[in-house]
Amino acid sequence: MIKDIAYGFELMGLHRHPEHRMDYMEWAPGARYCALVGDFNGWSPRENCAREGHLGHDDYGYWFIILEDKLREGEEPDELYFQQYNYVDDYDKGDSGVSIEEIFQKANDEYWEPGEDEYIKNRFKVPAKLYEQWFGPNGPETEEELDAIPLPDAETRYKAWKEQHKDDPPSNLPPCDVIDKGKEYDIYNVISDPAWLEKIRAKQPPLPYWFEMRKGRQAWLKKYIPAIPHKSKYRVYFNTPNGPLERVPAWATYVQPGTDGKQPFAIHWEPPPDHAYKWKNTHPKVPKSLRIYECHVGISGSEPKISSFNDFTEKVLPHVKEAGYNAIQLIGVVEHKDYFTAGYRVTNLYAVSSRYGTPDDFKCLVDEAHGLGLLVFLDIVHSYSAADEMVGLSLFDGSNDCYFHTGKRGHHKYWGTRMFKYGDREVLHYLLSNLNWWVVEYQVDGFQFHSLSSMLYTHNGFAAFTGDLEEYCNQYVDKDALLYLILANELLHTLHPNIITIAEDATYYPGLCEPTSQGGLGFDYYVNISASEMWSSLLKDVPNDEWSMSKIVSTLMGNKQYAEKMLLYSENHNQSISGGQSFAEIMFGEYENHSPESLASKESLFKGCALYKMIRMITFTIGGGAYLNFMGNEFGHPKRVEFPMPSNNFSYSLANRCWDLLENEDVHRNLFSFDKDLMKLDENQRVLSRGLPSIHHVNDTSMVISYIRGPLLFVFNFHPTNAYERYSVGVEEAGEYQIILNTDEKKYGGHGLIQVDQYLQRTINKRVDGLRNYLEVFLPCRTAQVYKLARILRI
């Protein structure tokens, strides 16, 4: 059942059929007529339409159109109307010159034993023989005549006849027996010989002979012209109660969404086998901890333009590998009409965005990422859909309830998007197949499910949540959406055991990461959205010396019951895109044009960089098994993201990334060096995969935080001015502790205040912070250190 609902893309939409034709299937229950129009038929709504009756249209709203390949001039149709072609291979046995008659004869000689097929080909032969034997050549021809003839025991007659012919060859005897059970409604029963029946059932279907009849691609190219050539433009045409309309097919895999006033259309993507993309690399092994690099392909270049998949593959992927991340998460890849939405108002769920390149270009991107050992995740939007009609699913078949709810429930309260009708079987089929499509077709390794609160509640998540269970178990919960998420995780993890699913839910629905077998939703990770909101609020609204260490720790730790399943980030794309500010822009605000002119601006820049490193380090090391960073933030990208729109006169000046800063700017190169070493810390010391840290020191007065994770001790001094010469921090294990990472090192742009002889500290045997021993450490203001237990002392 799971496979049936997960592979709808093999049936729906436009597909090549081996019987020299194209098949198109669409679900549009509100339409009265359906046709495929495009440049291949002059956009005619009459040439390629669904036939009435059988296969053309069923009672469930499915339309089926067959587009026959065209015979080339001078060619004759195939001898068999069901002749198949192996479209992928150039040559096979069907091109060897063996005739159809020879193949049939070969099948007859090799598949059936002598005489065995007599009763298959002539199934009335046995009854006719028996009838003549019983009643003679002039037997009764009607039921009335039959009743008039006194019938002796039919079984006795038959056994006598069989005894008389016992010396005949086996081929002359029927593979059955006649047994009279004395039933009034049946004169005799014909029961097959068990031995013969078992032998027939044991035979394999004669598929090898059928495949031998297929011809190869070269034979197809010689005889036929494709019904729809590669790169043809097309749309689906419906006649509805409200009149005719054209739509981009719901299952289209390559779409031009119709920007700049142009009409949208689907593009038939069927490159010849010798030009189709061939995969080179396999999926990387899933790591125990995830270091995710979040990317947007369009803004990934340095120039003020839309970058392509190929640009990203060539320039960004090597940078991600160098930076030490082990996964990329792509936003805005699925087709959307409006570029300024960053890809969150999806119009075509099965299509990669054509503004970045072709489907094969995206396959190359994924393949190259796998070759570098990087997993590839998609930010998937199944929580709502764009309200566009010509290119999206809204009013797809002229009705308002095809894919979405009707009335107010079918519209998001604030975003102007449409809400899926998750309780409809066809909608489930569409969405679940879509998840499997991206894994099967494009080899992606996982999904982050965007904005689950929009779909889980009829109020779209716009309500106060205090954590009370009643808030998750009331009339506002969309139980169909809940069931869909359970099915999605069950399906993905059953078909693809190594898949990763991440839930982005601002309400933290109970059981997000519990197994479906235990009543949970089945996600592997959930996003702690509160962390980035906290950092943003502190930076904008709270003076640095008034920050609460207790609030920072409690927010970053999230729900301790599920903390190991938590994905943390200090900032993702939300803080940077359209209307927001990146943290670097907030903290480096006085550092205009990256050329400070005064000591005051230099000091301001230094303090901003110091705090920037501390925020990233505590967010990275205190949380669960996954961490995320938005493209460019690893080196403190100084500008926000702003997509071209009317408010900025459609400018691309902020819709890019300043990669050149890594080449000629010390500040950003130093920050990048620190971030790389932070990623190496996890790679070498397995920080994220060690389980939750033990937080033993949180002092709001001194603004110091300390915790232990495995053999590592983390110490943070967030105070903007106070340094501490001999600060006592408790540790459990007695021994020598060595600094292995220090945010104040000069190579990271710090002052280097901690001397070399202070990098190694020995414990003092006294209980501090509830632990048996402690260290006296030097803590410069706005710095953080990571100590590792280098040698254990036995006391």
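Everything below is about the structure printed above this text.
Residues numbered from 1 in each chain as written. Predicted model: local features only at pLDDT ≥ 70, side-chain atom pairs only at ≥ 80, totals over all residues. Heavy atoms only, no water.

A. Structural context of helix α14 (residues 479-495). Along its 17 residues, α14 runs 24 Å from first to last C-alpha, staying within 8% of the 24 Å computed at 1.5 Å per residue. Among the residues of α14, those classed as buried are Ala-481, Leu-482, Tyr-484, Leu-485, Ala-488, Asn-489, Leu-491, Leu-492 and Leu-495. In the core, the buried residues of α14 are packed alongside α1 (2-6), α12 (425-442), β20 (446-449), α13 (452-456) and β21 (500-503). Measuring from the side-chain oxygen of the N-cap residue of α14 to the backbone nitrogen of Asp-480 gives 3.1 Å; that N-cap residue is Asp-478. (Helix = DSSP H or I, 4+ residues; strand = E, 2+ residues; numbered from the N terminus. Expected span 1.5 Å × (residues − 1). Buried < 20%, exposed > 50% of the residue type's maximum accessible area, 1.4 Å probe, protein only. Contact = heavy atoms within 4.5 Å. Polar contact = N/O pair within 3.5 Å; in protein donor to acceptor, adjacent residues only side chain to side chain.)

B. Focus on the layout of surface pockets. Quantified by volume, the largest pocket comes out at close to 1100 Å³. In this structure, the largest pocket is lined by 38 residues; those nearest its centre are His-15, Arg-16, Trp-269, Glu-270 and Glu-441. Taken together, the elements giving at least two residues each to the lining of the largest pocket come down to β1 (13-17), β2 (21-27), α11 (359-371) and α12. Split into classes, the residues belonging to the lining of the largest pocket amount to 25 nonpolar, 5 polar and 8 charged. Taken as a whole, the second largest pocket holds about 750 Å³ of empty space. Looking at the second largest pocket, it is lined by 27 residues, and the ones nearest its centre are Tyr-384, Trp-415, His-450, Ser-451 and Asn-574. Listing elements by their share of the lining of the second largest pocket, those giving two or more residues are α13, α15 (529-541) and α17 (573-576). (1 Å grid on protein atoms, 1.4 Å probe; cavity = no way out; pocket = protein on both sides within 12 Å on 5 of 7 lines; lining within 4 Å. Points joined across faces, edges and corners; volume = space filled by probe spheres on them. Nonpolar A, V, L, I, M, F, W, Y, C, P; charged D, E, K, R; others polar.)

C. Region of the structure containing a positive patch on the surface. The grouping of Lys-285, Lys-288, Arg-686 and Arg-690 at the surface amounts to a positive patch. When you line up the elements, Lys-288 lands in the loop between β14 (265-267) and β15 (290-296). Residue Lys-288 is classed as exposed on the basis of its relative accessible area of 73%. (Patch = residues over 30% accessible without salt bridge, like charges linked within 9 Å, V, L, I, M, F, W, Y side chains within 5 Å. Areas by Shrake-Rupley, 256 points an atom, 1.4 Å probe, with all protein chains shown as cover. Salt bridge = Lys/Arg side-chain N within 4 Å of Asp/Glu carboxyl O. Lys, Arg positive; Asp, Glu negative; His and termini not counted. Charge placed at Lys NZ, Arg CZ, Asp CG, Glu CD.)

D. Region of the structure containing empty space enclosed by the protein. If you walk through the whole model with that rule in mind, you get 3 cavities of 30 Å³ or more. Within this model, the second largest cavity holds a volume of roughly 40 Å³. Top contributing element to the lining of the second largest cavity by residue count: α12, with 3 residues. Among the residues making up the lining of the second largest cavity, the classes are represented as 6 nonpolar, 1 polar and 1 charged.

E. Fine view of the sheet that holds strand β27 (residues 712-717). Taken together, the 6 strands give an open sheet; going across it, the order is β25-β26-β27-β32-β29-β30, and neighbouring strands pair in antiparallel fashion. Two strands in the sheet have a free side with no partner beyond their single neighbour: β25 (694-699) and β30 (760-762). Each strand of the sheet is rotated relative to its neighbour by a mean of 20°, with strand direction disregarded. The pairing of β25 with strand β26 (residues 704-709) spans 5 bridges and is classified as antiparallel. For Ile-695, the partnering residue across the bridge sits in β26 and is Tyr-707. Contacts between helix α16 (residues 549-557) and the sheet are confined to β25 and β26, with β25 contributing the most and set at about 155° to the helix. Running at roughly 140° to strand β29 (residues 735-742), helix α21 (residues 666-685) makes contact with β27, β29 and β32 (783-792) of the sheet. (Pairing = 2+ DSSP bridges. Axes fitted to C-alpha atoms, helices over the stretch in contact; angles between N-to-C directions.)

Scope: geometric values only; no functional claims are made or implied.
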